[in-house]
Amino acid sequence: MKHEDRDEQLDELIVETIEGASDELVRRFTYHPPVDGAVDKFKRIRGLALVLAAEIERLVPNGREKANATTAVEEAVMWANAGIARPVAAAPRDLSMRRG
């Protein structure tokens, strides 16, 4: 099977799945292009997280706790950015799969 054929079959499967999936799953697992102001918000959150991560790196001795603290900052950035990118009030469904 050619690569293009597999891509087309996958696209069809995704569209069928989106049609039957809950709005919450569609919100969580489809692409959301940045809306006005989102990029600036992403940058601000990342910048503030960098300040905190740098302080953790500077102040906390190496070890599991430091690694977990750094990971928690990274996770906080990802969740905050997800909250900006995919607001709770989801837009009407777009069956084009919102590819980016």
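For clarity, every value in this text was computed on a predicted model and none was experimentally measured.

Trainee: How should I be thinking about the side chain of Thr30 in this particular structure?
Mentor: When you line up the elements, Thr30 lands in the loop between helix 2 (23-29) and helix 3 (38-59). A distance of 2.5 Å separates the side chain of Thr30 from the backbone oxygen of Val26, its partner in a polar contact.

Trainee: Help me understand the pattern of salt bridges in this model?
Mentor: Pairing is possible between side chains of opposite charge, provided their charged atoms come close. Here the structure, examined in full by the defined rule, presents 3 salt bridges. For Arg27, the salt bridge is made with Glu24, and the minimal N-O distance between the two is 2.9 Å. Linking Arg27 with Glu24, this pair stays in helix 2, spanning 3 residues, or about one helical turn. Residue classification places Arg27 among the buried residues on the basis of a relative accessible area of 12%. By relative accessible area, Glu24 is classed as partly exposed at 34%.

Trainee: Please clarify how the packing of helix 3 against helix 4 (residues 64-85) should be interpreted in this entry.
Mentor: Working note: a packed helix pair is described by the angle between its axes plus the distance between those axes. Where helix 3 meets helix 4, the axes come as close as 10 Å, and the angle between the chain directions of the two elements is 170°. Classed by the angle they form, the pair helix 3 and helix 4 counts as roughly antiparallel. Of the residues in helix 4, those in contact with Ala38, Lys41, Phe42, Ile45, Arg46, Ala49, Leu52, Ala53, Ile56 and Glu57 of helix 3 are Lys66, Ala69, Thr70, Val73, Val77, Ala80, Asn81, Ile84 and Ala85.

Trainee: Just checking my understanding: could you explain the environment of Pro33 for this structure?
Mentor: Its location among the elements puts Pro33 in the loop between helix 2 and helix 3. Classification of Pro33 as partly exposed rests on a relative accessible area of 46%. Separated by 52 residues in the primary sequence, Pro33 and Ala85 have C-alpha atoms spaced 7.3 Å apart.

Trainee: Please explain a negative patch on the surface as it appears in this structure.
Mentor: On the surface, a cluster of negative charge is contributed by Glu4, Asp5, Asp7, Glu8, Glu12, Glu16 and Glu19. Using a relative accessible area of 53% as the deciding quantity, one classes Glu16 as exposed.

Trainee: Hey, could you run me through helix 3 in this one?
Mentor: An α-helix turns once every 3.6 residues. As a result, residues three or four positions apart point the same way. Spanning 22 residues, helix 3 covers 32 Å between terminal C-alpha atoms, matching the ideal 32 Å at 1.5 Å per step. Listed in full, the buried residues belonging to helix 3 are Ala38, Ala49 and Ile56. When helix 3 is viewed along its axis, its buried side chains cluster within an angular range of 20° and face the same direction. Exposed residues lying more than 90 degrees from the buried face of helix 3 are Asp40, Lys43, Arg44, Leu48, Leu50, Val51, Arg58 and Leu59. In this structure, the buried side of helix 3 is in contact with helix 4.

Procedures and definitions
- Residues numbered from 1 in each chain as written.
- Predicted model: local features only at pLDDT ≥ 70, side-chain atom pairs only at ≥ 80, totals over all residues.
- Heavy atoms only, no water.
- Helix = DSSP H or I, 4+ residues; strand = E, 2+ residues; numbered from the N terminus.
- Polar contact = N/O pair within 3.5 Å; in protein donor to acceptor, adjacent residues only side chain to side chain.
- Salt bridge = Lys/Arg side-chain N within 4 Å of Asp/Glu carboxyl O.
- Buried < 20%, exposed > 50% of the residue type's maximum accessible area, 1.4 Å probe, protein only.
- Axes fitted to C-alpha atoms, helices over the stretch in contact; angles between N-to-C directions.
- Parallel < 35°, antiparallel > 145°, perpendicular 65-115°, else oblique.
- Contact = heavy atoms within 4.5 Å.
- Patch = residues over 30% accessible without salt bridge, like charges linked within 9 Å, V, L, I, M, F, W, Y side chains within 5 Å.
- Areas by Shrake-Rupley, 256 points an atom, 1.4 Å probe, with all protein chains shown as cover.
- Lys, Arg positive; Asp, Glu negative; His and termini not counted.
- Charge placed at Lys NZ, Arg CZ, Asp CG, Glu CD.
- Expected span 1.5 Å × (residues − 1).
- Arc of directions from axis to C-beta.

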